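# Structural characterization, general
Listed here are the chains, written in short residue letters.
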Amino acid sequence: HELLAAAMAVGGSFTSEECFPYVGWIIDRLSGYQAKIESVFQEVDSFLGQVIEDHLKAEGTKQEHEDIVDVMLRIKREQAQSAREEEQLTTDHIKAVLVDLLLAGVDTSAVTVIWAMSELARNPRVMSKAQDEVRKCIGKNGSITVENMEQLQYLKMIIKETFRLHPPGPMLLPRQTI
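Remember, it's a predicted structure, so these values are computed and weren't measured experimentally.

## Overview of the packing of helix α4 (residues 33–57) against helix α5 (residues 68–82)
Running from N to C, α4 and α5 cross one another at 75°; their axes reach a closest spacing of 10 Å. With respect to α5, the element α4 is oriented roughly perpendicular. Where α4 abuts α5, its residues Val51, Ile52, His55 and Leu56 lie against Val69, Asp70 and Leu73.

See below:
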């Protein structure tokens, strides 16, 4: 979790070089920002390398479902036999796709939750009704399980309305409340 937060912070911020093209890299080096970028990059690269290595070790075992890493590794193996070297999927390509999936998935989920909470704060009646539904569902247990998620119909409607009003895609047109 901390690694993803650090990667998002570094990836989403401006460097001095972007603001001052000819001398910004000096500022980034002197301030230590360049070292921070490189450190986060090395941590992410190491983590993703370990994920790929774990999948390679598990290749001989029977799995119920393939995940995205398994699919990309299978494509890489198949291409190694048929495609030219410059057209082959590499480990770096796989890592790049995984970074996009991890960072984009975390960011859009967090933004969606923030929008849902904002809309609930603006509509106390809706929030109260959602809270009542959750309290009835979980009872004294204190936690929501997969089984009782099906009972949270009102909460599902809130989530769908949040997606309608605030779609996670940044370039989509804004929606209006009816």
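## Points about the layout of surface pockets
Its boundaries defined by the atoms lining it, the largest pocket holds a volume of some 290 Å³. Taken together, 13 residues line the largest pocket, and the ones lying closest to its centre are Glu119, Asn123, Val126, Glu161 and Leu165. Within the residue set of the lining of the largest pocket, elements represented by two or more residues are α6 (91–122) and α9 (153–165). Broken down by element, the lining of the largest pocket gets its largest block of residues, 6 residues, from α9. Class assignment of the residues belonging to the lining of the largest pocket gives a composition of 7 nonpolar, 3 polar and 3 charged.

## Section: helix α7 (residues 124–138)
Residues three or four positions apart in an α-helix share a direction because the helix packs 3.6 residues into each turn. Helix length check: α7, at 15 residues, gives a terminal C-alpha distance of 21 Å against a target of 21 Å (1.5 Å per residue), a fit within 8%. Along α7, the residues that are buried comprise Val126, Ala130, Glu133, Cys137 and Ile138. Down the axis of α7, the smallest arc covering the buried residues is 115°, so these residues share one side. Opposite the buried face of α7, by more than 90 degrees, sit the exposed residues Pro124, Arg125, Arg135 and Lys136. Phi for Gly139, located one or two positions after α7, is positive at around 55°.

## Considerations on the pattern of salt bridges
Counted under the stated rule, the structure contains 9 salt bridges. In this structure, Arg164 and Glu161 form a salt bridge, with 2.8 Å as the shortest nitrogen-oxygen distance. With Arg164 and Glu161 both in helix α9 and 3 residues apart, the pair spans about one turn of that helix. Owing to a relative accessible area of 30%, Arg164 belongs among the partly exposed residues under this scheme. Here Glu161 falls in the partly exposed class, since its relative accessible area comes to 31%.

The rules behind each value
Residues numbered from 1 in each chain as written. Predicted model: local features only at pLDDT ≥ 70, side-chain atom pairs only at ≥ 80, totals over all residues. Heavy atoms only, no water. Axes fitted to C-alpha atoms, helices over the stretch in contact; angles between N-to-C directions. Helix = DSSP H or I, 4+ residues; strand = E, 2+ residues; numbered from the N terminus. Parallel < 35°, antiparallel > 145°, perpendicular 65-115°, else oblique. Contact = heavy atoms within 4.5 Å. 1 Å grid on protein atoms, 1.4 Å probe; cavity = no way out; pocket = protein on both sides within 12 Å on 5 of 7 lines; lining within 4 Å. Points joined across faces, edges and corners; volume = space filled by probe spheres on them. Nonpolar A, V, L, I, M, F, W, Y, C, P; charged D, E, K, R; others polar. Expected span 1.5 Å × (residues − 1). Buried < 20%, exposed > 50% of the residue type's maximum accessible area, 1.4 Å probe, protein only. Arc of directions from axis to C-beta. Salt bridge = Lys/Arg side-chain N within 4 Å of Asp/Glu carboxyl O.

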